[in-house]
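What follows is each chain in one-letter form.
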Amino acid sequence: MNMQENFSLKPYNTFGVEAKARYFTEVNSIDELKEALIFSKANALQLLFLGGGSNILLTKDFEGIAIKLSLKGISEEYLNENEVLVTAKAGENWHEFVMYCLQKNFGGLENLSLIPGNVGTSPMQNIGAYGTEIKDIFVSCQVLDLENLEIKVFNLEQCRFGYRDSIFKQEGKGRYVILEVTFKLTQKDHHIKTEYGAILSELENLGIENPTIQDVSKAVINIRQSKLPDPKEIGNAGSFFKNPTIPLTQFEALKQKFENIQGYPNGDKVKVPAGWLIEQCGWKGKQIGNAASHKLQSLVIINATGNATGKEIFDFSTEIINSVKEKFGIELEREVNII
């Protein structure tokens, strides 16, 4: 195990903010991971697991041990003519994994193309986009229990997936590290989902009437690239806030005041797009110091100059939360993990 001290985490977070870890190590196997965990226990150190670094905001130096999970490998188990189980290790890049599956004509992940991060973090917040969530194709994940270093398997029910939520963000937070994830995908009877967002109009632009799973992926990639900044070019963590869900009665009262308010009803609750709320408060494209709301997608906070500190970005997000609460009475919740 190669343990480094006073290590810069700037290349390991997509915001590109400078923060140092007291200790840092990259692990490529479960044995190396266990070794790092034994070291952390012996020295009473806090743990920070790094995947693709796309869902964290480092607001200060980390006084514990940062562990970069680089477990790699993809395997398949064919169930029948149509269904296949595909298992990917935690350190596999998410988008590259989706592309791997599409090359093999495995369907189910195409709407989740170009989401940043690694496979290991995908179940933590039940990542989703364009009508698909992890829970729709998830079978199980293998985890390491940090309390006793035992390997366990969680099935779909045990993960208790919710909107950008799972057991790993609730009572399992800080107790388990995900080692690999298994998905059930289709080989031929694909369920094409094109009814969400701008997929249909993008397919029209591409001149496609009967889309394949590869076509849907291409449309999603085009939409995401047109709306979202590339973290390699400008520091960001994708959507910074969750879309809030409010009671139907509250939504109807708001509609009296704000005729154009958008909402997606689900029973007696309504999901309101956070981006719309933020935009109405005048934040789209607005910059304070080194932090800004993206000019095309107000839901995305960016490290506008490349010199923002994590605290600066955090404070900027607080300003947005306060102004949305003041105008609409809705409290936005951060989707990004604050360290």
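See the structure printed just above.
Predicted, not measured: the structure shown is a model, and the values here were computed from it.

A. Up close: the overall build of the chain. The helix and strand tally for the chain stands at eight helices and 20 strands. For the chain, the C-alpha radius of gyration of 21 Å lies close to 20 Å, the compact-globule estimate for 339 residues. Overall size of the chain, expressed as C-alpha extent along the three principal axes, is 60 × 55 × 35 Å. For the chain, with 339 residues in total, the buried portion stands at 50%. Nonlocal contacts in the chain, meaning residues at least 24 apart in sequence, comprise 60% of its contacts between residues at least 6 apart. Taken as a whole, the chain presents about 16,300 Å² of accessible surface, with 46% of it coming from carbon and sulfur.

B. View of the sheet that holds strand β10 (residues 138–145). Taken together, the five strands give an open sheet; going across it, the order is β6-β7-β12-β10-β11, and neighbouring strands pair in antiparallel fashion. Because the sheet does not close on itself, it has two edges, and the strands there are β6 (74–78) and β11 (150–155). Neighbour-to-neighbour, the strand axes of the sheet open up by a mean angle of 20 degrees, direction not taken into account. For β10 and strand β12 (residues 176–186), the ladder comprises seven bridges, and the chain directions are antiparallel. Bridge pairing in β12 places Leu144 opposite Val177. The sheet contacts of helix α1 (residues 30–42) involve β10, β11 and β12, and relative to β10 the element is tilted by about 45 degrees.

C. Looking closely at the pattern of salt bridges. Summed over the entire model, instances satisfying the criterion amount to 17 salt bridges. Note that Glu76 is salt-bridged to Lys104, the shortest N-O span being 3.2 Å. Placement of Glu76 in strand β6 and of Lys104 in the loop between α2 (94–103) and β8 (128–129) is noted, with a sequence separation of 28 residues between them. Taking relative accessible area as the criterion, Glu76 reaches 24% and is therefore assigned partly exposed. When its relative accessible area of 38% is taken as the criterion, Lys104 is described as partly exposed. Where Lys135 meets Asp136, a salt bridge forms, and the shortest distance between an N and an O atom there is 3.3 Å. When its relative accessible area of 38% is taken as the criterion, Asp136 is described as partly exposed. Counted as one network, the salt bridges with shared partners bring together Glu133, Lys135, Asp136, Arg164, Lys193 and Glu335.

D. Focus on the sheet that holds strand β15 (residues 264–266). Judged by pairing direction, the sheet is antiparallel, and its three strands sit side by side in the order β14-β16-β15 without closing on themselves. Looking at which strands have only one partner, the edges of the open sheet turn out to be β14 (245–247) and β15. Strand-to-strand, the axes of this sheet are offset by a mean angle of 30 degrees, without reference to chain direction. In this structure, β15 lies alongside strand β16 (residues 269–271), joined through three bridges in antiparallel fashion. What sits directly across from Asn266, in β16, is Lys269. Lying over the sheet, helix α6 (residues 248–257) contacts β14 and β16, oriented at roughly 90 degrees with respect to β14.

E. A look at α1. Helix length check: α1, at 13 residues, gives a terminal C-alpha distance of 18 Å against a target of 18 Å (1.5 Å per residue), a fit within 8%. Those residues of α1 that sit buried are Leu33, Ala36, Leu37 and Ser40. Angularly, the buried residues of α1 cover 100 degrees about the axis, an arc narrow enough to put them on a single face. Every exposed residue of α1 that faces more than 90 degrees away from the buried side is listed here: Asp31, Ile38 and Ala42. Residue Ala44 follows α1 closely and has a positive phi angle near 50 degrees.

F. Just the pairing of β12, in detail. The element β12 is extensively covered by neighbouring structure, given that 10 of its 11 residues are classed as buried. Looking at chain direction, strand β7 (residues 83–89) and β12 are connected through seven bridges and run antiparallel. Paired with Thr87 across the bridge in β12 is Thr182.

G. Broad picture of unusual backbone geometry. The backbone of Ala44 shows a phi angle near 50 degrees, a positive value even though the residue is not glycine. Mapped onto the fold, Ala44 is located in the loop between α1 and β3 (47–50). Phi at Asn105 is positive, roughly 65 degrees, even though this residue is not glycine. Assignment of secondary structure puts Asn105 in the loop between α2 and β8. Of the residues examined, Asn105 reaches a relative accessible area of 30% and is grouped as partly exposed.

H. Seen up close, the environment of Ile301. By the secondary structure assignment, Ile301 is in strand β19 (residues 300–303). Expressed as a C-alpha distance, the spacing of Ile301 and Pro229, which sit 72 residues apart in the sequence, is 9.9 Å. In this view, Ile301 contacts Phe15, Gly235, Asn236, Ala237, Gly238, Phe240, Phe241, Ala292, Ile313, Phe316, Ser317 and Ile320; residues no more than four positions away in its chain are not counted.

Rules and cut-offs
- Residues numbered from 1 in each chain as written.
- Predicted model: local features only at pLDDT ≥ 70, side-chain atom pairs only at ≥ 80, totals over all residues.
- Heavy atoms only, no water.
- Helix = DSSP H or I, 4+ residues; strand = E, 2+ residues; numbered from the N terminus.
- Rg over C-alpha atoms; globule rule 2.2 N^0.38 Å.
- Buried < 20%, exposed > 50% of the residue type's maximum accessible area, 1.4 Å probe, protein only.
- Contact = heavy atoms within 4.5 Å.
- Areas by Shrake-Rupley, 256 points an atom, 1.4 Å probe, with all protein chains shown as cover.
- Pairing = 2+ DSSP bridges.
- Axes fitted to C-alpha atoms, helices over the stretch in contact; angles between N-to-C directions.
- Salt bridge = Lys/Arg side-chain N within 4 Å of Asp/Glu carboxyl O.
- Expected span 1.5 Å × (residues − 1).
- Arc of directions from axis to C-beta.

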